Amino acid sequence: MTKNFRMPVNRLCLLKVMVLSIAMFTISCSNNNNNTQSKEEYLADGKKLATTHCSSCHQLPDPSLLDSATWETGIMPAMAPKFGFKSFMGNYLVSASTSISKEDWYKIVAYYKNTSPKKLIIPKPTAVKDWAIFSLRQPQNTNRKGLQAMTTMVAYNPNDHFIYTGNAGNNLYKWNSDLQPTLVKKFQSPVTDINFFKSKNQVNRAVITCIGFLPPSDALKGKLININLNRSAKNDSTLITDSLPRPVKSAYADFNKDGLTDYVSCGFGRNNGGLYLMQQQAGGQFTKKILRALPGATQVFTGDFNHDGWPDIACLFAQADEGIWMFLNDKKGGFTSQNLLRFPSVYGSSSFQLIDFNHDGLLDIVYTCGDNNDFSPVFKPYHGVYIFTNQGNWKFKQTYFYHINGCSKAIAADFDHDGDLDIAVIAFFPDFKYYPEEGFTYHEQTAPGKFKVHAIPVNQYGRWIAMDVADVDHDGYPDIILGNFSFTAKGLMVQKDIEPNWDLYQPFIVLHNDAKSIGVSKGK
């Protein structure tokens, strides 16, 4: 079809009549069914059907989680193909793969449309706008004539004391103490994660996670690469594995205690994906197997979580069946899985951290949700940062929540050295129009379980997608590194007609912790 092709008027009219006839037929079928039941009975059937069919793949979302327009025009058309329906001009057509009756599907649609609110009530921010204990450091002489900053990863390397960043141009940079960059290596796809390590024979190496494609994709183009950061040898990198579906995070441990390092990686994918285990064999080769074959694996940690002397795995899944799963080492080369927390499929889970927040010897969970690049791009009252306190036997109770639009990541640390943990939080989808400062907030714990929230005014310097916490200047107090993915492409914005008022070129900033110099610590 050429660009200037125009359909003849008579054929266009005929097509309109056909479309109208199909729509009227579809509505008629639905109305005929509805005439045999009261509205209450019809919606009650829809709820039962949703419980049966929708909860087979993920936790059943309550209609109150989204407004009716988003259910009708966003979620339900996106879910229809899962049941074999084709969305067509506001109606649904059956196909050869349709798995439930059209009447049942319309009942589910009606249930969500008619029992959901017309509008979601978004909490008002209560944070104070100040710099708290931080001051700004940023690279100088940034190139402002080239490509916009699309930072995909920031991390501090304790072995060589450089900051490392990756970007959408497939480049890995290292930055010295003066924040001057050096190109380390250009890869075939963007770097989304880096794990630093050293040993007797490998002083400064890292395992690089290359995503393959940044946009949602099931293409098996992701890789894990072991690289020599000192680059003193010609063969500075070796491939651990490839053909991963859009990997975003990785971790490592000697899972079978054979003296060789193994790796685990989050293959987020799109419709397909999973948590992958790469076990090292003699001779440096790796075998790959999948631990959980579902898309959305987005963050992973390793550690001896049950204190049996064997390394385990904890992973957040953020697509459809959202939640945190633990994979306990069975000491036989495999793992047994256990769900720790589960969330509705519209939450947009984005990060978690296992940490003993209240110092009782049990690992608690700091969790964020706020991914708004999906079928429901509206502000949501449940987006933000949470603390789930371990009650024992891996049972958790929510003990803290602070609403942040589009919350992306949280890292807990004792920033002010007063003996308790505080939280640094970023949001990639904040309210740019009315409250852009929620892009970064500092949650200062002032009493057990009580926080003073500071909205640090760094929104003009970037749009934060990546964060790391480390003592960059070696003064004993943790600093914060924020990575700027400044892009404003359609689909990466919740609000329409927003012109970016943040720095489009600065790749990252450092929030220097001034607590030591201003005397903010226990007993001072």
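Computed from a predicted structure; not experimentally measured.

1. A look at the overall build of the protein
Helix and strand counts for the protein stand at 5 helices and 31 strands. Against the globule reference of 24 Å for 524 residues, the protein gives a C-alpha radius of gyration of 25 Å, in line with a compact fold. In terms of overall dimensions, the protein has C-alpha extents of about 75 × 60 × 55 Å along its principal axes. Looking at the protein residue by residue over its 524 residues, the buried ones come to 52%. Residue pairs at least 24 apart in sequence account for 52% of intrachain contacts in the protein once pairs closer than 6 positions are excluded. Only carbon and sulfur atoms are counted for the fraction: they give 53% of the accessible area of the protein, which is about 24700 Å². Of the side-chain charges in the protein, 52 are positive and 47 negative, and the distance between the mean point of each set is 9 Å.

2. So, the packing of helix H3 (residues 68-79) against helix H4 (residues 102-115)
For the pair H3 and H4, interaxial distance at closest approach is 9 Å and the crossing angle is 150°. Here H3 lies roughly antiparallel to H4, going by the angle between them. In this structure, the crossing between H3 and H4 has a hand that is right-handed. In this structure, H3 contributes Ser-68, Trp-71, Glu-72, Met-76 and Met-79 to the contact, and H4 contributes Trp-105, Ile-108, Val-109, Tyr-112 and Lys-113. Grouping the constituent residues of the contact of H3 with H4 by class yields 7 nonpolar, 1 polar and 2 charged.

3. Details of the sheet that holds strand E7 (residues 171-175)
Sheet architecture is open: 4 strands sit in the order E5-E6-E7-E8, paired in antiparallel fashion. Bordering the open sheet on either side are strand E5 (151-157) and strand E8 (181-186), each of which pairs with just one other strand. Recorded for the sheet is a direction-independent mean angle of 25° between the axes of neighbouring strands. Where E5 and strand E6 (residues 162-167) come together, 6 bridges link them in antiparallel fashion. Across the sheet, residue Val-154 finds its bridge partner in E6, namely Thr-165.

4. So, unusual backbone geometry
Of note, the phi angle at Ala-132 is positive, near 50°, even though the residue is not glycine. Turning to its location among the elements, Ala-132 is positioned in the loop between strand E3 (128-129) and strand E4 (134-137). Positive phi outside glycine occurs at His-359, with the angle close to 60°. Positionally, His-359 belongs in the loop between strand E21 (349-355) and strand E22 (364-369).

5. A word on the UniProt feature "domain: Cytochrome c" (unreviewed entry) in the protein
Listed under "domain: Cytochrome c" (unreviewed entry) in the UniProt record, and renumbered for this structure, are residues 41-161. Between the C-alpha atoms that bound residues 41-161 the distance is 65 Å, and the span itself is 32% helix and 16% strand.

6. Side note on the side chain of Asn-228
Note that Asn-228 resides in strand E11 (residues 222-228). According to the relative accessible area criterion, Asn-228 is buried, its value standing at 8%. Here the side chain of Asn-228 touches Asn-230 through a polar contact of 3.0 Å, landing on its backbone nitrogen.

7. Here's the deal with the nonpolar core
Met-76, Trp-105, Ile-108, Ile-365 and Tyr-367 are the most contacted members of the largest nonpolar core, which totals 43 residues. Of the residues forming this core, the biggest block, 7 residues, is contributed by H4. Discounting chain neighbours no more than four positions away, the residues touching Tyr-367 are Leu-316, Glu-322, Phe-343, Tyr-347, Ser-349, Ser-351, Phe-352, Gly-384, Val-385, Tyr-386 and Phe-388. Counting 21 residues, the second-largest nonpolar core is a separate cluster that includes Phe-134, Tyr-442, Val-458 and Tyr-477.

8. Let's talk about the pattern of salt bridges
Under the definition given, this model contains 9 salt bridges. Where Asp-45 meets Lys-107, a salt bridge forms, and the shortest distance between an N and an O atom there is 3.1 Å. Of the two residues, Asp-45 sits in helix H2 (residues 39-53) while Lys-107 sits in helix H4, which places them 62 residues apart along the sequence. Take Asp-45: its relative accessible area is 22%, and that puts it in the partly exposed class. Note on Lys-107: relative accessible area 9%, which makes it buried. Through salt bridges with shared partners, a single ionic network connects Arg-292, Asp-321 and Arg-342.

9. Some thoughts on the packing of aromatic side chains
In this structure the tally under the stated criterion is 33 aromatic pairs. Summarising the aromatic geometry, the rings of Tyr-386 and Phe-388 are spaced 5.7 Å apart at their centres and angled 5° between planes, so their arrangement reads as stacked. What makes Tyr-386 buried here is its relative accessible area of 5%. Consider the rings of Phe-485 and Phe-487, whose centres lie 6.3 Å apart with planes at 90°: the pair is edge-to-face. Residue classification places Phe-487 among the partly exposed residues on the basis of a relative accessible area of 34%. Through a chain of ring-to-ring contacts, three or more aromatic side chains come together here, namely Phe-343, Tyr-347, Tyr-367, Tyr-382, Tyr-386, Phe-388 and Phe-401.

Criteria and thresholds
Residues numbered from 1 in each chain as written. Predicted model: local features only at pLDDT ≥ 70, side-chain atom pairs only at ≥ 80, totals over all residues. Heavy atoms only, no water. Helix = DSSP H or I, 4+ residues; strand = E, 2+ residues; numbered from the N terminus. Rg over C-alpha atoms; globule rule 2.2 N^0.38 Å. Buried < 20%, exposed > 50% of the residue type's maximum accessible area, 1.4 Å probe, protein only. Contact = heavy atoms within 4.5 Å. Areas by Shrake-Rupley, 256 points an atom, 1.4 Å probe, with all protein chains shown as cover. Lys, Arg positive; Asp, Glu negative; His and termini not counted. Charge placed at Lys NZ, Arg CZ, Asp CG, Glu CD. Axes fitted to C-alpha atoms, helices over the stretch in contact; angles between N-to-C directions. Parallel < 35°, antiparallel > 145°, perpendicular 65-115°, else oblique. Left-handed = near helix turned anticlockwise from the far one by under 90°. Nonpolar A, V, L, I, M, F, W, Y, C, P; charged D, E, K, R; others polar. Pairing = 2+ DSSP bridges. UniProt positions renumbered as here; feature names shortened; annotations may be inferred. Polar contact = N/O pair within 3.5 Å; in protein donor to acceptor, adjacent residues only side chain to side chain. Core = buried A, V, L, I, M, F, W, Y, C linked by side-chain atoms within 4.5 Å. Salt bridge = Lys/Arg side-chain N within 4 Å of Asp/Glu carboxyl O. Phe/Tyr/Trp six-rings, centres within 6.5 Å; stacked < 30°, edge-to-face > 60°.

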